[in-house]
Number of protein chains: 2
Amino acid sequence: MQNNRASIADLAKALNLSPSTVSRALNDNSVISAATRLRVQQLAQELNYHPNHLAAGLRTGRSNLLGVLVPHIEGTFFASVVHGIETVATKAGFKVMICQSNEDVEHEKRNIDTLINAQVEGILVSLSRTTHDTRHFEKVHQRGIPLVFFDRMLETLGVNAVVLDDYQGAYQVTTHLIEQGCRRIAHFAGPQHLNIYHNRRLGYLAALRTYGLAEAEELVITSDMTLADGVAGMEQLLALPAPQRPDGLFSASDFSLVGALQTLKEHGLRVPQDMLLAGFSNEIFTSFTEPRLTSVDQRCELLGQETVRLFLEIREAGATNFQARRVVLPPHLLIRESSTRPPA
Amino acid sequence: MQNNRASIADLAKALNLSPSTVSRALNDNSVISAATRLRVQQLAQELNYHPNHLAAGLRTGRSNLLGVLVPHIEGTFFASVVHGIETVATKAGFKVMICQSNEDVEHEKRNIDTLINAQVEGILVSLSRTTHDTRHFEKVHQRGIPLVFFDRMLETLGVNAVVLDDYQGAYQVTTHLIEQGCRRIAHFAGPQHLNIYHNRRLGYLAALRTYGLAEAEELVITSDMTLADGVAGMEQLLALPAPQRPDGLFSASDFSLVGALQTLKEHGLRVPQDMLLAGFSNEIFTSFTEPRLTSVDQRCELLGQETVRLFLEIREAGATNFQARRVVLPPHLLIRESSTRPPA
DNA sequence: CTGAAAGCGCTAACAA
DNA sequence: TTGTTAGCGCTTTCAG
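Residues numbered from 1 in each chain as written. Chains lettered and ligands numbered in written order. Predicted model: local features only at pLDDT ≥ 70, side-chain atom pairs only at ≥ 80, totals over all residues. Heavy atoms only, no water.

Named according to an unreviewed UniProt entry, chain A is LacI family transcriptional regulator originating from Hymenobacter frigidus.

Next comes the structure, spelled out in structure tokens:
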């Protein structure tokens, strides 16, 4: 009978045992005699037995599945986070199911249903750019499924979340620019309904205030943070009358920053001599440009790992009576040539 | 009874129907009267009913799960491939389970078991760097689970696979360098037991032969293809006596190429004036360096999509009686400044 | 230490 | 068009 797929029933029959005994033997239940355990496990190996997790899950109510919902997975950031998630989740015995919202709320809603249907034991989410309210997550809560946000979230009170301290990161990087001598610092900002871009802007403004620098409306440019947006943004800045021109730029995204750098060069301006630059995310390419770009590292992998850890904690405590918690990771400023004032 | 989780039985009871009728109504079975269908679906909505896919899967023998096994997911390449996979798989009604081997065969073996246990309906694999034989995939075959390799595979006959035409890509890019006037072209090669690096080297050699150029041992440097390896490799090339120095370089990885570029600059040499450069993979940063780097695009997303398509085909035909097929995607050479001979 | 029996939630014959 | 019945493969009382 060494056919396609052996079941517990098959093993039981072949060994003249009951299914329950076989099940116990396979699961290393301590109550089973060493002898039968061995017999069972050997035959299992021989027949190439593989447990059916669907069946076990149905019976026990545990799927060992963990749902992850990200806006997309191309690009460094989410890929690294997912890597971190996968690592810790696997160690804890979970399989990871990945869904992408493609930055679209409707997708996001459908994905949530998919994950619920798959009986995942927890859901880890980073919101799509087009998500402005989170009512579609209520049913997750209702079903008692632990829900943890990471990176992108809405500032709703009482949700579990793991985020980078974007405010601190922005504050530090802006302070650094000021200390390097900048007095008019421009800021490329992202969509403000997203916590991350909002906090980066706040951190930037706070640093200005701390040092008594005036904030200038014409120096803050909000966009979707692509490379092209960076090009457009820098053109806009360079079009300002000379006294209003910035001497430094903090971009909330490294992509826009590269656009800005390219534009500066096209105009015959040099970095850092003519303008200091700093970005956010520590994308891999920030070390490949000339000059290399100062940036704030987001601890992507750690972020993923901490997200799973928080999930495990919630699960342990029981989803419903867990006091919602927010884990805030310290950012890490990486100073490179683009923001280092050259000796005069 | 609008408790945590409603089941079909609950709906049936509430509506005075049999479970089968409810099931049929929910699945839009054409045999059900419009009226009952509506009643059922409305109540389902109201009670926030979600089907239990584990149960359905157990019953129907279909899990709607697709297993994906990659060496890792950080970095652009696999992330993009997975993106492509996810997109097509979702459209076909599959959920994707992702595992990473971390470039380790033992992990790979364990992951295969995990996926089998999860009752996936197909497995898509890109081999770990440390995999030298593929016996652990036999049980997948035995169980009649469609198996498709993508990108990294062993040259075993009769497996299903989707790969880029690395040979062609390398041939094209080398030819391009020759046509730009290069006569001594160096090559940074990767681990040769992996089909991709092997084929890139063969393509490089073939192009040399076509144009009657001698291949020089000292110009082919094999490494693990990191940025640091590129630095070391270029140092090695520059240490050659002047007449033996290359006038062009084709690196099988963009990362090594960046290392080479940085090293050239440190030595006061200019690209493309003093040496032409070309790489492989079209990593995002190839457009951010100066000069921008010529590279071969790998069609990552398409690769992922085609892999799923091949899986669907196999499934359709029945895994066992499907004639193994290999899909080879044409590469796409992107010529940028680093390989364009400037007017003399 | 082992076995018998029931049931997780759903679907698919077959019957009505 | 609807209902009855059985069972997917596994685990878990409860009894022996």
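(A) Just the overall build of chain A, in detail. Helix and strand counts for chain A stand at twelve helices and twelve strands. Computed over C-alpha atoms, the radius of gyration of chain A comes to 26 Å, more than 25% over the 20 Å expected from 2.2 N^0.38 for 344 residues, which places it beyond the range of a compact globule. Dimensions of chain A, computed from C-alpha atoms along their principal axes, come out at roughly 90 × 40 × 30 Å. Per-residue burial for chain A yields a buried fraction of 53% across its 344 residues. Considering only residue pairs separated by 6 or more positions, chain A has 75% of its internal contacts joining residues 24 or more positions apart. With the model as given, the accessible surface of chain A reaches about 14700 Å², and the carbon-plus-sulfur share is 51%. Both charge centroids of chain A, one from 32 positive and one from 36 negative side chains, sit 7 Å from each other. (Helix = DSSP H or I, 4+ residues; strand = E, 2+ residues; numbered from the N terminus. Rg over C-alpha atoms; globule rule 2.2 N^0.38 Å. Buried < 20%, exposed > 50% of the residue type's maximum accessible area, 1.4 Å probe, protein only. Contact = heavy atoms within 4.5 Å. Areas by Shrake-Rupley, 256 points an atom, 1.4 Å probe, with all protein chains shown as cover. Lys, Arg positive; Asp, Glu negative; His and termini not counted. Charge placed at Lys NZ, Arg CZ, Asp CG, Glu CD.)

(B) The interface of chain B and chain A, seen in detail. Contact with chain B, which involves 49 residues of that partner, is made by 49 residues of chain A. Summed over both sides, the interface of chain B with chain A buries roughly 4700 Å², with 55% coming from carbon and sulfur. Joining chain B to chain A, the criterion identifies two salt bridges. With a shortest N-O distance of 2.2 Å, Lys-265 of chain A and Glu-290 of chain B are connected by a salt bridge. Here chain B and chain A share twelve residue pairs in polar contact (both at pLDDT 80 or more) between them. Elements supplying a minimum of two residues to the side of chain B that touches chain A: helix H4 (53-60), helix H5 (76-91), strand E2 (95-100), helix H6 (105-117), helix H7 (138-142) and helix H11 (254-266) of chain B. For the side of chain B that touches chain A, the element with the highest residue contribution is E2 of chain B, accounting for six residues. Residue composition of the side of chain B that touches chain A, grouped by class: 20 nonpolar, 19 polar and ten charged. (Buried area = accessible area lost by both parts, 1.4 Å probe. Salt bridge = Lys/Arg side-chain N within 4 Å of Asp/Glu carboxyl O. Polar contact = N/O pair within 3.5 Å; in protein donor to acceptor, adjacent residues only side chain to side chain. Nonpolar A, V, L, I, M, F, W, Y, C, P; charged D, E, K, R; others polar.)

(C) Summary view of the protein's contact with DNA strand C. In the neighbourhood of DNA strand C, 25 residues make up the surrounding shell, with Arg-59 of chain A together with Ile-8, Ser-23, Tyr-49 and Arg-59 of chain B lying closest. Considering the 4 Å shell around the protein, atoms of DNA strand C inside it are sugar or phosphate in 62% of instances. Note that a phosphate oxygen of DNA strand C is positioned 2.6 Å from one of the side-chain N or O atoms of Tyr-49 of chain B. Elements with a contribution of two residues or more to the surface near DNA strand C: helix H2 (19-26) and helix H4 (53-60) of chain A together with helix H2 (19-26) and H4 of chain B. Looking at which element gives the most residues to the surface near DNA strand C, the answer is H4 of chain B, with four residues. (Near = heavy atom within 4 Å.)

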